[in-house]
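Structural characterization, general
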Amino acid sequence: MVEPKILLIIPAYNESEGIAQVVRKVDQYRQKSEYKIDYILINDGSTDNEEEILRKNEINHIELIQNLGIGGAVQTGYKYALEREYDVAIQYDGDGQHDIESLPSLVEPLLRGEADFTVGSRFLEESNSEFQSSITRQIGIRILSALIYMTSKIRIKDVTSGYRAANKKVISQFVNRYPSQYPEPETYMHLFAKDIRVKEVGVRMFERETGTSSINLFKGMNYMVSVSLAILFSAILGGKKS
């Protein structure tokens, strides 16, 4: 049996303070893992000295000449995965929030053919994640989860989770189409419209190790409104195509 090729896609923007440590943990895991794992870091037009850190530490990466946002950065990683014929591509944040030890929970359902796409969740009973974000954000996540359920009848609890894995079928789809502004919640509507099998699995997550979130109260409210509209439009468009 051919060993599956797995790629970690690590988007990073202005993460110079902690990115070397994040990649170091990935490398340590790769050395002991039963899987064949590679990684590609996407430097999303950082304005700090992230590129200097990446070069100094010989970290495998792609440097984008301008900031494309999380959607564009991750889609670049999916294009890399498709061109190099990876069997599984995993989104893995560059801020230290994702637990690399939880990787098998994401990968195994894909390798067993139980799902095409998995999402790592902090909110399932089998998750051992102590960090579950602020109360305000948890409320926002629940609202978005309810909205997705209302429009698709499919329940995803941790809809904003960026710790996700895709098989070849989904990799190809994301190369052709991947939302740029609100990729985590919005992609589910595209996947459901294509009858992609999505499975939520329990994972462990941490508070970000470095830097601070760019989302304040005003931005958070704007995010909720914008994402809700994006989900509704995606549902309407998906219904017209089906």
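Residues numbered from 1 in each chain as written. Predicted model: local features only at pLDDT ≥ 70, side-chain atom pairs only at ≥ 80, totals over all residues. Heavy atoms only, no water.

With respect to the packing of helix α6 (residues 168–176) against helix α7 (residues 183–193)
So the rule is basically this: Interaxial angles span 0 to 180 degrees and are taken between N-to-C directions of axes, which are lines fitted to C-alpha atoms, for helices over the stretch in contact. Every helix listed is a DSSP run of H or I at least four residues long, and every strand listed is a run of E at least two residues long, numbered separately from the N terminus. Throughout, a crossing is termed right-handed when the near helix is turned clockwise from the far one, and left-handed when it is turned anticlockwise from it by less than a right angle. Every residue pair with non-hydrogen atoms within 4.5 Å of one another is taken to be in contact. For this scheme, ten residues count as nonpolar: Ala, Val, Leu, Ile, Met, Phe, Trp, Tyr, Cys and Pro. Four count as charged, namely Asp, Glu, Lys and Arg, and the remainder, Gly too, count as polar.
Interhelical geometry of α6 versus α7 gives an angle of 115° and a closest axis separation of 12 Å. Of the two possible hands of crossing, α6 and α7 adopt the one that is right-handed. The segment α6 lies against α7, with Val-170, Gln-173 and Phe-174 engaging Thr-187, His-190 and Leu-191. Grouping the constituent residues of the contact of α6 with α7 by class yields three nonpolar, three polar and no charged.

Digging into the confidence of the model for the protein chain
Which entries qualify depends on this criterion: Per residue, pLDDT measures the predictor's confidence, with a range of 0 to 100.
Residue-level pLDDT values for the protein chain average 87, and 83% of them are 70 or greater. Overall, residues 213–217 carries pLDDT values under 50, and its contacts beyond four positions in sequence, including any with other chains, amount to five contacts.

Comments concerning the nonpolar core
The condition that has to hold: Nonpolar core, defined: a set of buried Ala, Val, Leu, Ile, Met, Phe, Trp, Tyr and Cys residues in which side-chain atoms within 4.5 Å join the residues together. Partly exposed describes any residue whose relative accessible area lies between the buried limit of under 20% and the exposed limit of over 50%, with all areas from a 1.4 Å probe on protein chains only and scaled to the type maximum.
Of all hydrophobic cores here, the largest spans 31 residues; its most connected members are Leu-8, Ile-19, Leu-41, Ile-90, Tyr-92, Leu-103 and Tyr-163. When residues of this core are traced back to their parent elements, those giving at least two are β1 (5–12), α1 (19–32), β2 (36–43), α2 (50–56), β4 (88–91) and α4 (103–111). When residues in this core are grouped by element, the largest group, six residues, is from α1.

A word on the packing of helix α3 (residues 69–83) against α6
Cut-off, in case you're wondering: Reported orientations rely on four angle classes, namely roughly parallel under 35 degrees, roughly antiparallel over 145, roughly perpendicular from 65 to 115, and oblique for the rest.
The interhelical angle for the contact between α3 and α6, taken along N-to-C directions, is 130°, at an axis separation of 9 Å. Our classification of the angle between α3 and α6 gives oblique. Crossing geometry of α3 relative to α6 is assigned as left-handed. Across from Gln-75, Tyr-78, Lys-79, Ala-81 and Leu-82 in α3, the residues of α6 making contact are Ile-171, Ser-172, Phe-174, Val-175 and Asn-176.

Some points on the pattern of salt bridges
Put simply, the test is: The rule for a salt bridge is simple: a side-chain nitrogen of Lys or Arg has to be within 4 Å of a carboxyl oxygen of Asp or Glu.
Taken as a whole, this structure holds 12 salt bridges when the rule is applied. Note that Glu-114 and Lys-199 form a salt bridge whose closest N and O atoms lie 3.3 Å from each other. In this pair, Glu-114 is assigned in the loop between α4 and β5 (117–121) and Lys-199 in strand β7 (residues 198–202), connecting sequence segments 85 residues apart. In this structure Lys-199 comes out as partly exposed when scored by relative accessible area, which is 32%. Between Asp-116 and Arg-197 there is a salt bridge whose closest N-O contact spans 3.0 Å. Of this pair, Asp-116 sits in the loop between α4 and β5 while Arg-197 sits in the loop between α7 and β7, and the two are 81 residues apart along the sequence. Overall, Arg-197 belongs to the partly exposed group, its relative accessible area being 38%. What emerges from the salt-bridge pattern is a single network uniting Glu-108, Arg-112, Glu-114 and Lys-199.

Some details on the packing of aromatic side chains
The test is simple: The rule is short: rings of Phe, Tyr and Trp, with Trp giving its six-membered ring, pair when the centres are within 6.5 Å, and they are stacked under 30 degrees, edge-to-face over 60, tilted in between. By definition, being over a ring means that NZ of Lys or CZ of Arg is both within 6 Å of the ring centre and within 35 degrees of the ring normal.
Following the criterion strictly, the structure yields seven aromatic pairs and no others. Residues Tyr-78 and Phe-174 carry aromatic rings whose centres are separated by 5.1 Å and whose planes lie at 65° to one another, so their mutual orientation is edge-to-face. Taken together, the positions of Tyr-78 in helix α3 and Phe-174 in helix α6 put the pair 96 residues apart, joining distant regions of the chain. As far as burial versus exposure is concerned, Tyr-78 and Phe-174 are alike and both buried. Centroid distance Phe-174 to Tyr-178: 4.8 Å. Interplanar angle 75°. Geometry classified as edge-to-face. Across this residue pair, the class does not change: Phe-174 and Tyr-178 are buried. Put simply, the rings of Tyr-78, Phe-117, Phe-174, Tyr-178, Tyr-188 and Phe-192 pair up and form one aromatic cluster. Over the ring of Tyr-80 we find Arg-84, and its NZ or CZ is 3.8 Å from the ring centre. In this arrangement the basic side chain of Arg-164 is found over the ring face of Tyr-188, its NZ or CZ atom lying 5.4 Å from the centre.

A word on the side chain of Ser-16
We apply this condition: For this analysis, a polar contact is any N or O atom pair within 3.5 Å, provided that within protein one partner can donate a hydrogen and the other can accept it, and provided that sequence-adjacent residues contribute only side-chain to side-chain pairs.
Inspection of the secondary structure puts Ser-16 in the loop between β1 and α1. The exposure class assigned to Ser-16 is buried, which follows from its relative accessible area of 17%. At a separation of 2.9 Å, a polar atom in the side chain of Ser-16 contacts the side chain of Asp-48. Of the polar contacts made by the side chain of Ser-16, one reaches the side chain of Asn-49; its length is 2.9 Å. In contact with Ser-16, other than residues within four places in its own chain, are Asp-48, Asn-49, Glu-50 and Ile-53.

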